[in-house]
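Coordinates in review
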Amino acid sequence: GKDTADIEAAIAANTAESIALDAAIEGEVIDNLIIQDNSTAGTNLRALYRNGITGDLTVENSYLDGTYAMNVTADEAANAVLTVEGTTLAGWTSYSGWKSVSFTDCTFKANSNPEIYNNIRPYDDTAFVNCEFKGTTFWMDNFDGTEVTFEGCTVNGEPLTAELLNAMVVEGDTTKMIIK
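Residues numbered from 1 in each chain as written. Predicted model: local features only at pLDDT ≥ 70, side-chain atom pairs only at ≥ 80, totals over all residues. Heavy atoms only, no water.

So, about the overall build of the protein chain. Per the secondary structure count, the protein chain includes 3 helices and 18 strands. A total of 180 residues make up the protein chain; the buried ones form 44% of that total. Residue pairs at least 24 apart in sequence account for 51% of intrachain contacts in the protein chain once pairs closer than 6 positions are excluded. Total accessible area on the protein chain stands at roughly 8,300 Å², and carbon and sulfur atoms take up 44% of it. (Helix = DSSP H or I, 4+ residues; strand = E, 2+ residues; numbered from the N terminus. Buried < 20%, exposed > 50% of the residue type's maximum accessible area, 1.4 Å probe, protein only. Contact = heavy atoms within 4.5 Å. Areas by Shrake-Rupley, 256 points an atom, 1.4 Å probe, with all protein chains shown as cover.)

Here we come to the packing of aromatic side chains. Each aromatic ring pair is specified by the distance between its two centres and by the angle formed by the two planes. For the coordinates displayed, the defined rule picks out 14 aromatic pairs. Taken together, a centroid distance of 5.6 Å and an interplanar angle of 80° make the contact between F108 and F128 edge-to-face. Of this pair, F108 sits in strand β9 (residues 107–109) while F128 sits in strand β11 (residues 126–129), placing them 20 residues apart in sequence. Note on F108: relative accessible area 1%, which makes it buried. One aromatic cluster is present, formed by Y95, F103, F108, F128, F133, F138 and F150 through successive ring pairs. (Phe/Tyr/Trp six-rings, centres within 6.5 Å; stacked < 30°, edge-to-face > 60°.)

In spatial order, the strands read β1-β4-β6-β8-β11-β14-β18; together these 7 strands make up an open sheet with parallel pairing. If you trace the sheet from one side to the other, it starts and ends with β1 (29–31) and β18 (177–179), each paired once. On average, each strand axis in the sheet is inclined to that of its neighbour by 10°, with strand direction left out of account. The sheet contact formed by strand β8 (residues 100–104) and β11 spans 4 bridges and is parallel. Counted as the bridge partner of V101 is T126 from β11. (Pairing = 2+ DSSP bridges. Axes fitted to C-alpha atoms, helices over the stretch in contact; angles between N-to-C directions.)

Quick look at the pairing of strand β10 (residues 119–122) now. Of the two faces of β10, the one lined by N119 and R121 and the one lined by I120 and P122 are each fully buried. As paired strands, strand β7 (residues 88–96) and β10 are joined by 3 bridges and run parallel to one another. Bridge pairing in β10 places T93 opposite I120.

This part covers unusual backbone geometry. For N61, which is not glycine, the phi torsion reads 50° and is therefore positive. Within the secondary structure layout, N61 lies in the loop between β4 (57–60) and β5 (63–74). A relative accessible area of 42% means that N61 is categorised as partly exposed. Phi angles above zero are rare outside glycine, and N156 is one such case at about 50°. Examined against the element boundaries, N156 turns out to sit in the loop between β15 (154–155) and β16 (158–159).

Moving on: the nonpolar core. W98, F103, F128, F133, F138 and F150 are the most contacted members of the largest nonpolar core, which has 38 residues in total. In terms of residue count, β5 provides more of this core than any other element does, 5 residues in total. In this structure F133 touches F108, I120, F128, F138, F150, C153, T154, V155, N156 and M168, once residues within four positions along its chain are discounted. (Core = buried A, V, L, I, M, F, W, Y, C linked by side-chain atoms within 4.5 Å.)

On to the environment of G135. Mapping G135 onto the fold places it in the loop between β12 (132–133) and β13 (137–140). Separated by 33 residues in the primary sequence, G135 and M168 have C-alpha atoms spaced 8.0 Å apart. Ignoring any residue separated from it by four or fewer positions in sequence, one finds G135 in contact with N118 and N156.

Pasting the structure below:
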């Protein structure tokens, strides 16, 4: 994986997005990456952003705070897998082109930017396992065939129910959302 000095240098140089690409190409893991959004209203920080990723990407034990906490797109021909574990995503989270996506032991919440986003827009099949959603909303419009599953998740400290899930969806519906 990337060592702390490499990550700190990339953040200082405002090139944190290149870490995601390097990790995906090399099959590495991004571990303990902390990005705090200190931008002002009207600006957008993408904490983890990259298009055209050609390999699996794993993010562990990280804190991603930005207008877009995570905005990563895989090259669909690559059959790549996105795995996120033990990470806080503070901001808009979206991803596409992945063979599969999983979030385990993650927290989703509003970002620090004054514009405050706290949305998830899954374009791919996604499993959320033991995740905490703090005021999070879902955009589930125009996703033919995309299935989103939840296992052991909570919403503002309460166990996720169909009623709570329905209230979280602001675009689209819960047809392809399954609570296990």
